Amino acid sequence: HVVVDGRTTLGDENRIFPFAAVGTAPQDLKYEGEPSTLSIGDKNIIREYVTLQPGTKGGGMKTTIGSMNLFMACSHIGHDSSIGNGNVFANSCAISGHVDVGSFVIVGGLAGVHQFVRLGDHCFLGAGAMVAQDIPPFVFAEGNRAQIAGINKIGLKRRGFSPAEIRVLFRVFQETFYGEGAFRERVLRLYEEYRENEYAAQFFKFISESRRGIASGRKVGSDTVDNDSDQAS
């Protein structure tokens, strides 16, 4: 009861569950049957009713999916997207076309991601998040439209980040979204200050390369931001 269609390649040890549709024609009215591809790495888990779709001539002709991702039931990856490794896409979440997802990202159930959005490594989207702008690495976001609410503290701990590394990222987050001056000026100043830190540099590089813009930070004083305050101690 699985359909694997089109010009689809799969690596080793992928598990595909009943009623999944892998490589069927993209849901794009501009698609005209061009020989686009879907490339899938190793050890992915593709649960019931998942849809993974190939590229189009308007987006580079390919969709790429890395390894060790979990696609829960009814999740969707649209055409011309690029998916890294070790991600979790929870039930009924929808990734539109042309979306770039890093690695070790968690997308909550029923979340939706707009076309051309980028999701940075180790970020977390809460259930039902509607994401219209880029989400940098290491943070979590929620809401409609999704706002950045803090550092993905639990996720980073699980991935082996040290308390010191998390504290630095928390300070970077706080100063970037709640510091003095214009956003662009803060980013330039903080990049110079933290450029020797690997993860901070990755954070600012992602922001500097954004084309859709970065999602806004939730207002200071929200419960979510306060819950991360112990990282600064």
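Keep in mind that what you see is a predicted model, and the values were worked out from it rather than measured.

It is worth spelling out the nonpolar core at this point. Counting 52 residues, the largest nonpolar core has L52, L119 and I135 as its most contacted members. Among the elements that line this core, the one with the most residues is helix α2 (residues 163–178), at 7 residues. Ignoring any residue separated from it by four or fewer positions in sequence, one finds I135 in contact with R118, L119, G120, C123, L125, A141, I148, F206 and A215.

Packing of α2 against helix α4 (residues 198–208) brings their axes to within 9 Å, and their N-to-C directions diverge by 30 degrees. Between α2 and α4, the angle is such that the two are roughly parallel. At the point where α2 passes α4, the crossing takes the right-handed sense. Contact residues: α2 offers E165, L169, V172, T176 and F177, while α4 offers Y199, A200, F203, F204 and I207. Here the residues of the contact of α2 with α4 sort into 8 nonpolar, 1 polar and 1 charged.

Turning next to the sheet that holds strand β19 (residues 130–131). The 7 strands lie next to each other as β1-β4-β7-β10-β13-β16-β19, forming an open sheet whose pairing is parallel. Looking at which strands have only one partner, the edges of the open sheet turn out to be β1 (3–4) and β19.

The rules behind these values
- Here, residues in each chain are numbered from 1, in the same order as that chain's written sequence.
- Local features in this predicted model are restricted to residues of pLDDT 70 or higher, and side-chain atom pairs are both shown and tallied only at a pLDDT of 80 or more, whereas totals for entire chains, interfaces and linings draw on every residue.
- In computing side-chain properties, one takes all heavy atoms of the structure into account and sets aside hydrogens as well as water.
- The nonpolar core is taken to be a set of buried Ala, Val, Leu, Ile, Met, Phe, Trp, Tyr and Cys residues, with the residues joined through side-chain atoms within 4.5 Å.
- Residue burial is assigned from relative accessible area. The probe radius is 1.4 Å, only protein chains are included, and a residue is buried under 20% of its type maximum, exposed over 50%, and partly exposed in between.
- Put simply, DSSP marks the helices as runs of H or I at least four residues long and the strands as runs of E at least two long, and each gets a number from the N terminus on.
- Should any heavy atoms of two residues lie within 4.5 Å, those residues are counted as being in contact.
- Axis geometry follows a simple rule: fit a line to the C-alpha atoms, using only the stretch in contact for helices, then measure angles between N-to-C directions, giving values from 0 to 180 degrees.
- Roughly parallel means an angle under 35 degrees; roughly antiparallel means over 145; roughly perpendicular covers 65 to 115; every other angle is labelled oblique.
- If you view the pair so one helix is near and one far, a crossing is left-handed when the near helix is turned anticlockwise from the far one by less than a right angle, and right-handed when it is turned clockwise.
- Gly is put with the polar residues, along with every residue not named as nonpolar or charged; the nonpolar set is Ala, Val, Leu, Ile, Met, Phe, Trp, Tyr, Cys and Pro, and the charged set is Asp, Glu, Lys and Arg.
- Strands qualify as paired when DSSP identifies two bridges or more between them.

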